[in-house]
Amino acid sequence: MRVTTRLLCLGAVVLLAVAGQTGPAGARELPDDYVVSRDPGILPEGITVARDGTMYVSSDGTGRLFRGHVGESRLRPFAARGIDGRAKTLGVHTDARGHVYSVGGASLTVHDRSGRLLAGRSAEAGPLGAADLNDLVITNDAVYVTDWANPVIHRAELHGGRLGPLRPWLDIRSASPQFPAQYWLLNGIVADRTGRTLLVASNGTEAVWRVDVGTKEVEQVRLGDQSFGADGMVLHGRTLYAVLNYGAPNGVYVAELSEDLRSGTVRHQITGERFDLPTTLARYGCRLYVVNSQLDDPPGRPPYTVSAIPDPMCR
C-alpha cells in the first residue's frame, strides 16, 4: 500500500454524510482518532484490526510496528523481533490465531502476539529487479503478496499453519501486455471467503483486477468510468472498501460488487480534510479505521494518526 509522487494533489473536497454507527463497535463510546506515535518520521502506512479489537499499524518511515486496541486512543510500539533490518513495513494483517503477518522490502514475516518471530521469508527478484513487497492477504491455504516494483504477485503456501517458501506466482502483465511493466504499481490485495478469487489494486492502471486463483485468469473489475486506482482495500462479502489517493479525491470509496466480483457500483465516497493522505483502512464492527500517512510531505508532522469513521454500509 504505497502512494506515488503523483498522488500529491490534496484539494479541498466535500465530506459526504454517512449514517451513524450501529452494531458491536458502536455499543460504547470509541475514540474518533488514534495516535500511532508522536515520534518524528514514523509515517504510518498499513493497518489491521484483529477479531478481539487489537489494532496493528505499520511504519513506512522506520519499519516498526505499533499495537493498540479500538477502545484506546493511543498505540504503543510492538516488539516484533527480527525486523530490525527492515527499513519500512507496509502491509500488515492477522490470521485467525492472532498471528501478525507483515511485509516490507523483500521480506514477509510472521510474529505471535508476544512479538516472537515465527517465520521469515524473502521474495525473489522479479523481471524489473529486487522485490518491493506492498500488501498481503491470507487465505486458508496460502499468503498472496503484491510487489510494488514488479508486476508480480508472490505466493507462500500454508500447511497446518506452517508457511512455505515465498515464490513468484503470477505475472499480471498477461491482463494487459501493452501496459509498461514498470507502471503497474501493485498495491492492495484482498480475497473472497473461499480464497478462490483475488482482487488486486494497481495504481498505475488506475484499476482493480480480478484474479481467478485456479486458472490465473486476470480481468479488470468494471467499476464505472472514473479512476479507481485503489491503495489499500477491504472486501466484506460483496462490499469493497478502498482508499483512493491517486486519480480521484483522497478518501474512502465503497463499492457494491456483483456476485461474481466482476463488476460493481460505487455507492459512497467519503472525502475531506480530516484525512491526511490516507493509504489504507481496516473494518471492525460498524467502523472503518483509516491511516493518515502524511507520505505527501515526509517526514510529516507528529502526531501520526488513524481516523475512525462510521461504515456507511452498516445496518
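Refer to the preceding data block for the structure.
Conventions used here
Residues numbered from 1 in each chain as written. Predicted model: local features only at pLDDT ≥ 70, side-chain atom pairs only at ≥ 80, totals over all residues. Heavy atoms only, no water. Disulfide = S-S within 2.5 Å. Helix = DSSP H or I, 4+ residues; strand = E, 2+ residues; numbered from the N terminus. Buried < 20%, exposed > 50% of the residue type's maximum accessible area, 1.4 Å probe, protein only. Core = buried A, V, L, I, M, F, W, Y, C linked by side-chain atoms within 4.5 Å. Pairing = 2+ DSSP bridges. Axes fitted to C-alpha atoms, helices over the stretch in contact; angles between N-to-C directions. Phe/Tyr/Trp six-rings, centres within 6.5 Å; stacked < 30°, edge-to-face > 60°.

J.: Which residues make up the state of the cysteines, and what values do they have?
T.: In this structure the tally under the stated criterion is 1 disulfide. The side chain of Cys286 participates in a disulfide bridge whose partner is Cys314; the two sulfur atoms lie 1.8 Å from each other. Residue Cys286 is located in the loop between strand S22 (278–284) and strand S23 (287–292), and its partner Cys314 is located in the segment after strand S24 (304–310); the two are separated by 28 residues in the primary sequence. Classification of Cys286 as buried rests on a relative accessible area of 3%.

J.: How would you sum up the nonpolar core? Please name residues and give values.
T.: Membership of the largest hydrophobic core comes to 20 residues, with the highest contact counts inside it found for Tyr34, Ile47, Met55, Val57, Tyr289 and Val306. Those elements that provide at least two residues to this core are strand S1 (33–37), strand S2 (44–49), strand S3 (54–59), S23 and S24. At 3 residues, S24 tops the list of elements feeding residues into this core.

J.: An account of the sheet that holds strand S7 (residues 100–104) is needed here, citing residue identities and associated values.
T.: Judged by pairing direction, the sheet is antiparallel, and its 4 strands sit side by side in the order S6-S7-S8-S9 without closing on themselves. Of all the strands in the sheet, just strand S6 (92–94) and strand S9 (117–122) have a single pairing partner and so form its edges. With direction set aside, neighbouring strand axes in the sheet form an average angle of 15 degrees. Where strand S8 (residues 107–111) meets S9, 5 bridges bridge the pair, whose relative direction is antiparallel. What sits directly across from Val110, in S9, is Ala119.

J.: Can you tell me about the packing of aromatic side chains, naming the residues and giving the values?
T.: A complete count under the given rule lists 6 aromatic pairs for this structure. Considering the side-chain rings of Tyr144 and Trp169, the 5.1 Å spacing of their centres and the 70 degrees angle between planes classify their relative orientation as edge-to-face. Of this pair, Tyr144 sits in strand S11 (residues 142–147) while Trp169 is found in strand S13 (residues 162–171), placing the two residues 25 residues apart along the sequence. Take Tyr144: its relative accessible area is 1%, and that puts it in the buried class. A relative accessible area of 15% means that Trp169 is categorised as buried. Ring plane angle 85 degrees and centroid distance 6.3 Å describe the contact between Phe228 and Tyr253, whose orientation is recorded as edge-to-face. With Phe228 in the loop between strand S17 (218–220) and strand S18 (230–236) and Tyr253 in strand S20 (residues 251–257), the pair connects residues that are 25 residues apart, well separated along the chain. No difference in accessibility class separates Phe228 from Tyr253, as the two residues are buried. One aromatic cluster in this structure is built from Phe179, Trp184 and Trp209.

J.: Tell me about the pairing of S24, residues and numbers included.
T.: Taking burial as the measure, the 7 residues of S24 include 6 buried ones, the bulk of the element. Note: S1 against S24, 4 bridges, orientation antiparallel. Directly across from Tyr34, in S24, lies its bridge partner Val306.

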